2 protein chains.
Amino acid sequence: MNGAESVIRTLADAGVRVCFANPGTSEMHLVDAIDRVDGMRVVLGLFEGVVTGAADGYARMTGEPAATLLHLGPGLGNGLANLHNARKAQVPMVNLVGDHATAHQRFEAPLTADVQAFAATVSHWVEEPVLSSEVGAATARAVEAARSAPGRIATLVLPADTAWGDGGVPAVAGAGTPPAAVRGAVLDAARAALRRGGPVALLLRGPALRGEALVAAGRIAAATGARLFCDTFAPRLERGAGRVPVERMPYRAADATAALAGLQTLIVVGTQAPVAFFSYPGQPSELTPEGTEVLVLATEQEDGAAALLELASAVAPDAVPRLSPAQLPTAPADGPLTADAAMRILARRLPEGAIVSDEGLTSAYSGYAHLAGAAPHDVLFLTGGAIGDGMPLAVGAAVACPDRRVVTLEGDGSAMYTLQALWTQARERLDVVTVVFVNRAYAVLEEELAWVGGGTAGPKARSTLELGDPDIDYSSLARGLGVSAVRADTVADFDRALAEALETPGPVVLEAVVYHD
Amino acid sequence: MNGAESVIRTLADAGVRVCFANPGTSEMHLVDAIDRVDGMRVVLGLFEGVVTGAADGYARMTGEPAATLLHLGPGLGNGLANLHNARKAQVPMVNLVGDHATAHQRFEAPLTADVQAFAATVSHWVEEPVLSSEVGAATARAVEAARSAPGRIATLVLPADTAWGDGGVPAVAGAGTPPAAVRGAVLDAARAALRRGGPVALLLRGPALRGEALVAAGRIAAATGARLFCDTFAPRLERGAGRVPVERMPYRAADATAALAGLQTLIVVGTQAPVAFFSYPGQPSELTPEGTEVLVLATEQEDGAAALLELASAVAPDAVPRLSPAQLPTAPADGPLTADAAMRILARRLPEGAIVSDEGLTSAYSGYAHLAGAAPHDVLFLTGGAIGDGMPLAVGAAVACPDRRVVTLEGDGSAMYTLQALWTQARERLDVVTVVFVNRAYAVLEEELAWVGGGTAGPKARSTLELGDPDIDYSSLARGLGVSAVRADTVADFDRALAEALETPGPVVLEAVVYHD
């Protein structure tokens, strides 16, 4: 078999089930090999950011790596922003990136570039084998790297001749490095802090925000009074009625510090002590209040979930966690639509088991609280701050979980970065409802300009923050990509449209007009 | 003044007139400074690939650098593919990329990344100053680097505190390194080769494809019988009636080698001896036929234009160049539209002084010959092979040349990469007509799969090459971005629509349906 087939067989044998792809000439043998190997689905994206974001979403929901297939340095370049988000989400992923044949690389052809340099910006692991006989083993190493705790970005650069050349040998991928056990002394310190009786909080991320680990955190909270927080932009959070409630760390630095005020100890699980999203003149980067000690129970490489279970057995053996009540917010019956009203309606309509991909920025942030008592759901956040992740994440989540509804929250600025995701949603008949909050501005930047003390925006500055002139018609854009769309600017219309969209198979875009002249 | 203002003043004083921007929080002080400094226009793109491609188009038409304003590593990441194209186009450009404040960089905030590593993938020059007092001088160095021959990508990474901090000092940018003079011995060798009487060709790129340098090449051709070639994907070519005709190097390796068959000497000006775009099993990378000597008259850093003038004085003192006659192709009166017919009609309708941004791939390539005798125009090609340059280039070219019509040729695959460019065309009222050839496939890849010997495409492979299911409606997409659109699937309709579009102020999209069930 050729090298390409050995790569795809190695992936399929290792249980990599999906390849999100935007291939070019140098990847044609890999495309051909996917055709000849059973068990790997290929999903086309029309832009590489869709591909990498989808692989991220797939991994967040399954814990398993998807493969991506990308075209040389520039194709990888287009996928870097969402690989950055994926890296911050600590997910497993195996990127296959074609390169010129080894003998061709020394020439300055149009697409000649240092593919490994592109890869290194976001990858934990990069290799570029040069023989067809080596690529199978390299693929196995890539899978192992991807599956190493807590989840890693592995990028395998494949010169075209290693794909087309004969002598490919599939290899068996090992399991990757598991999370390290938390040391006993650290567990002891955490136990002591929780028993001391002073105000304590746990800041959780990764597996600690799901399943029995989250329940364990809830038991600890119930027994000790500890508060539970998650990062502002966690990769994935289980939330809603019947789930252990977790406070989301506020986005604004001062609000975060205020939220933590008075704590004796902040116990950190799978993350770091909170830092500001951006720095601002005269404001601190570290948000932990003066006088609060930080105890890192588990780093991201350590088994924070197991540590929480152990801690719960010790300090809360019989405790029953407080769970969020099924409590829906009120919503106005009608009137001009606002982001707040839309979030209230969403909370009331959200189906059980929904996955919410939240890139709604200013619009979704303020209404986040309304979903606390909605039907149980998962939330995926913009982990790396690189706008353009919301709709691709939804693609991957929907491919991973075909029986669940996905709801994407987008701003009208953020929705423009990887709009092409809608086409893949249509082609794959994915059950995704995308709510685009139309406020005709980079509203977050209008806030930010004020926050950084950038003065009052003059006409040129304003022109970089305002999205009108011309207005973007998201319904027209959606239809152009084969997705049906509804525009709503009243509460009643939005409520009706959302209800219908959630009943409709396949993708729908709801333009939520929250800007009223 | 703060650092940001010193940056913008330095740029404006150096004659940098336009900033293509997609800023974020860390660039707000730069946005604010642009507002306070006269003489710099800011043009917003809704995606970074639009921004960098527009700066490329601007530089190709003016020879001058535009500035770009990009948001940290991931924002720069989204712009890398078109920076790759710009690097291969050998244009000047100054990228301003915000970074976290210096004191914030050591924290793992969501957007923390190695911005310089992103920049290094495509930049000839990268600096990240750490003091407000330094950023003015660093900006001047960036401009000098950008203006160094033949045109360089300079990326200035600006930590937020260097922008907001006081003590900014504007600096005066020098001229950059000019092109080196071609050595006398090389000129002598070229002269001798041209006088020897055997078959000779000149392969031209850069300034050699424009103005008096191109005329000089034409005189040499007239006097010596030398043939004139340009690279398949030259940055810019003056073409049409009354211009010196230049043969475009064929895309396919075998065709290129055949085109050069029998040459005694290939004289290379501002480029390299031709190499294959991609490598294929068993096919050579170098396309110069066996037995043809290659003489590099001028590298890209050398003054090939001056060398051509000198050479023309020596070997063709009285020669009059042959110029392309004003000769329009015939076009069918009606019938189902084909790519060939569309290119014929375009040739007949093209207004004098038009700028053609050619990313039409298979559709535009085969009809390229039809424009040989059209009204004089410039052509901009996809220099780096990174799809998604055509519409952004048109933005930059139209900003650079407001009195000229721009025509963009797009495939229905390629148009999806940086579609957001249409919105900027609408906002800036740019006179751009975009022809999207709708064949519902990555047609170039269907060819490539056959070429690489990848076998007959099975169902999964085909699914990565076909764009139907769902069909993309480019008219709907254009209208969604504020651009009027017309769909034509007959020759007569296309002719009428093109004529009208070329008379209409502002952007228009023509969907040229060349796929007929």
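This structure is a prediction, so every number in the text was calculated from the model and none was measured.

Undergrad: Would you explain the sheet that holds strand β6 (residues 153–159) of chain B in this entry?
TA: The strands making up a sheet associate through backbone hydrogen bonding, with each pair oriented either parallel or antiparallel. Residues and elements named next belong to chain B. Pairing is parallel in the open sheet, where 6 strands are placed in the order β2-β1-β3-β4-β6-β5. The outermost strands of the open sheet, each flanked by one partner alone, are β2 (41–44) and β5 (125–127). When strand polarity is set aside, the average angle formed by the axes of neighbouring strands in this sheet is 20°. As paired strands, strand β3 (residues 66–71) and strand β4 (residues 93–99) are joined by 6 bridges and run parallel to one another. Opposite leucine 70, over in β4, you have valine 97 as the bridge partner.

Undergrad: Can you help me understand the sheet that holds strand β7 (residues 200–204) of chain B in this one?
TA: Residues and elements named next belong to chain B. Read from one edge to the other, the open sheet built from 5 strands follows the order β10-β8-β7-β11-β12, with strand pairing classed as parallel. In this open sheet, the two strands that pair with only one neighbour each are β10 (247–248) and β12 (293–298). Relative to β12, strand β11 (residues 265–269) is paired through 5 bridges, and the arrangement is parallel. From the neighbouring strand, valine 269 faces β12, where its bridge partner is alanine 298. Sheet strands in contact with helix α8 (residues 184–195) are β7, β11 and β12, and its direction is about 130° off that of β12.

Undergrad: I tried to follow the domain arrangement of chain A on my own but got confused; where do I start?
TA: Note on interface size: it is often stated as the accessible area lost on association of the parts. Residue and element names in this part refer to chain A. For chain A, the assigned domains are domain 1 (3–164), domain 2 (184–315) and domain 3 (339–513). For domain 1 and domain 3, the distance between their C-alpha centres works out to 29 Å. Summing both sides of the interface, domain 1 and domain 3 together bury roughly 1900 Å²; the carbon and sulfur share of this comes to 66%. Taken as a group, Val50, Arg60 and Met61 account for 30% of the area that domain 1 buries against domain 3, more than any other trio of residues on that side. Across the domain 1-domain 3 interface, the total number found is 2 salt bridges. The tally of links from domain 1 across to domain 3 stands at 10 residue pairs in polar contact (both at pLDDT 80 or more).

Undergrad: Would you mind going over the interface of chain A and chain B with me for this structure?
TA: Counting residues at the interface gives 97 residues for chain A, matched by 97 residues for chain B. Overall, the association of chain A and chain B removes approximately 8100 Å² of surface from exposure, summing both partners, and the carbon and sulfur fraction of that is 61%. When residues of chain A are sorted by the area they lose upon contact with chain B, Thr25, Pro110 and Lys460 of chain A head the list and together hold 8% of the total. With a shortest N-O distance of 2.9 Å, aspartate 469 of chain B and arginine 429 of chain A are connected by a salt bridge. The tally of links between chain A and chain B comes to 51 residue pairs in polar contact (both at pLDDT 80 or more). Taken together, the elements giving at least two residues each to the side of chain A that touches chain B come down to α2 (28–36), β2 (41–44), α4 (72–89), α5 (115–120), α15 (421–427), α16 (443–451), α17 (459–463) and α18 (474–480) of chain A. Among the elements that take part in the side of chain A that touches chain B, α4 of chain A stands out by supplying 9 residues, more than any other. Split into classes, the residues belonging to the side of chain A that touches chain B amount to 49 nonpolar, 31 polar and 17 charged.

What counts and how
- Residues numbered from 1 in each chain as written.
- Chains lettered and ligands numbered in written order.
- Predicted model: local features only at pLDDT ≥ 70, side-chain atom pairs only at ≥ 80, totals over all residues.
- Heavy atoms only, no water.
- Pairing = 2+ DSSP bridges.
- Helix = DSSP H or I, 4+ residues; strand = E, 2+ residues; numbered from the N terminus.
- Axes fitted to C-alpha atoms, helices over the stretch in contact; angles between N-to-C directions.
- Contact = heavy atoms within 4.5 Å.
- Domains from an automatic or database assignment.
- Buried area = accessible area lost by both parts, 1.4 Å probe.
- Salt bridge = Lys/Arg side-chain N within 4 Å of Asp/Glu carboxyl O.
- Polar contact = N/O pair within 3.5 Å; in protein donor to acceptor, adjacent residues only side chain to side chain.
- Nonpolar A, V, L, I, M, F, W, Y, C, P; charged D, E, K, R; others polar.

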